[in-house]
Amino acid sequence: MSVLVLGGAGYIGSHMVKQLLADGQEVVVVDNLVKGHRAAVDSRAKFYEVDLRDKAALSAVFEQEQIEAVVHFAAFSIVPESVAEPLKYFDNNTAGMVTLLEVMNEHDVKQIVFSSTAATYGNPVHIPIKETDPQNPINPYGESKLMMEKMMAWADQAYGIKWVALRYFNVAGAIEDGSIGEDHEPETHLVPIILQAAAGKRPYIEMFGDDYQTPDGFNVRDYVHVMDLTAAHLLALNYLKEGHDSAAFNLGSATGFSVKEMVAAAREATGVDIQAKVGPRRAGDPDILVADSTAAREVLGWQPQFDNVADIIKTAWHWVEMHPNGYED
Ligand code: UFG
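Here's a quick rundown of the structure. (Residues numbered from 1 in each chain as written. Predicted model: local features only at pLDDT ≥ 70, side-chain atom pairs only at ≥ 80, totals over all residues. Heavy atoms only, no water.)

**Digging into the site of the ligand**
Part 1 of the argument: Within the structure, the ligand sits among 23 residues, and T117, E206, N219, R282 and D285 are positioned closest to it.
Part 2 of the argument: Separating an oxygen atom of the ligand from a side-chain N or O atom of N170 is a distance of 2.9 Å.
Part 3 of the argument: In this structure, L190 approaches the ligand through a main-chain N or O atom, which is 2.8 Å from an oxygen atom.
Part 4 of the argument: Out of a free accessible area of 680 Å², the ligand has 92% covered by protein chains.
Part 5 of the argument: Residue assignment for the shell around the ligand shows that the elements contributing at least two residues are α6 (190-198) and β8 (205-208).
Part 6 of the argument: Per-element accounting of the shell around the ligand gives the leading share, four residues, to β8. (Near = heavy atom within 4 Å. Polar contact = N/O pair within 3.5 Å; in protein donor to acceptor, adjacent residues only side chain to side chain. Areas by Shrake-Rupley, 256 points an atom, 1.4 Å probe, with all protein chains shown as cover. Helix = DSSP H or I, 4+ residues; strand = E, 2+ residues; numbered from the N terminus.)

And the structure:
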């Protein structure tokens, strides 16, 4: 029996593939390679270049392989792009989930672990955010993922498809051997952009806004290491295998760092005097997003190994030093 990783050629998905292989599991990857990199997929996994909205092609994979459970990372995830092009997000993310759940049901595959997001909460009502807090997304990306969570809940009721939604906060870092890492085109995420400045690929990092309601005025996020994140997916798969009920869990470290603190941590991690400038705010950025991940720790038994952002950044820097041009090398 195999675990199917949808979006397994992407940043987080490719780390999940490594995590599953290290756990001794058989892995099948489906990715349309629109964002993913073929070279990111470990050669021990079986690879299909398929778009999950292509029902016939996806069904063929389920017919070919003995799939036990699905881990679903295949989605667009850039907030400002989603505001400009909402239908792209509802098509790829939300409509893609319709096809996936149909195919799963038709092939009697009843377990799914799903990449959800802190963006489903919108502006938090209190910090740290709990799973039971209201979900009122403020951008189409968050809305598309909330709709996907709701679709899974109804599919559970109708067909008994059990799900775990993992609501990620800010994911960063790379596997410690530096074999795979974060490589987006265009890059919009903070840590890789800071490291581009460290590597001399851009003259400085622009820090978006210094007038937020936070101690130093820069907005605060909760950074979690990608291998800790994928470890939580492994625990979620086991949780479903043990027959537990569907559930949602936040994945974060419970500690917030401001953009300015992240730049300081990156200077420490790289030893480079990274230049930073203050720029205008970016649209749609809440002041603070910090997770309460108590439930993941207590129910899933999740124990993140990285509790220091400089250590997280060091692993990302190792990947950058080993692959200065990302997957182009
Ligand atoms: N930032 C900068 N300069 C940059 C890039 C980012 O100052 O060049 C700041 C942002 O304003 C924000 C922080 O760095 O305060 C993190 O920004 P990212 O773009 O790295 O991440 P986001 O917090 O916007 O979004 C991420 C994921 C989303 C997810 C969200 C949930 O990309 O998919 O976390 O917390 F929904």
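Next comes the rest of the description.
**Quick word on the packing of aromatic side chains**
Part 1 of the argument: On inspection of all chains with the given rule, the structure shows four aromatic pairs.
Part 2 of the argument: Here F76 and Y89 contribute two aromatic rings whose centre-to-centre distance is 5.7 Å and whose plane-to-plane angle is 55 degrees, an arrangement assigned as tilted. A residue pair is termed long-range when its members are at least 10 positions apart, and F76 in the loop between β4 (67-72) and α3 (79-84) and Y89 in helix α4 (residues 86-106) qualify at 13 residues. Per residue, the accessibility class of F76 equals that of Y89, and both read buried.
Part 3 of the argument: Note on W319 and Y327: the rings are 4.9 Å apart at their centroids and 45 degrees apart in plane angle, and the pair reads as tilted.
Part 4 of the argument: Three or more aromatic residues link up through ring pairs in this structure, and these residues are F76, Y89 and Y141.
Part 5 of the argument: The ring of F76 carries K88 above its face, with NZ or CZ at 4.8 Å from the centroid. (Phe/Tyr/Trp six-rings, centres within 6.5 Å; stacked < 30°, edge-to-face > 60°. Buried < 20%, exposed > 50% of the residue type's maximum accessible area, 1.4 Å probe, protein only. Lys NZ or Arg CZ within 6 Å of the ring centre and 35° of its normal.)

**Digging into the packing of helix α1 (residues 11-22) against helix α7 (residues 226-241)**
In a pair of packed helices, the angle between the axes and the distance between the axes together describe the arrangement.
Part 1 of the argument: Running from N to C, α1 and α7 point in directions that differ by 60 degrees, and their axes come no closer than 9 Å. By the angle class used here, α1 and α7 are oblique. Handedness of the crossing formed by α1 with α7: right-handed. Only V226, M227, L229, T230, A231, H233, L234 and L237 of α7 make contact with α1, whose side of the interface consists of Y11, I12, H15, M16, Q19 and L20.
Part 2 of the argument: Taken together, the residues of the contact of α1 with α7 break down into ten nonpolar, four polar and no charged. (Axes fitted to C-alpha atoms, helices over the stretch in contact; angles between N-to-C directions. Parallel < 35°, antiparallel > 145°, perpendicular 65-115°, else oblique. Left-handed = near helix turned anticlockwise from the far one by under 90°. Contact = heavy atoms within 4.5 Å. Nonpolar A, V, L, I, M, F, W, Y, C, P; charged D, E, K, R; others polar.)

Bear in mind that shape data such as this cannot, by itself, settle questions of function.
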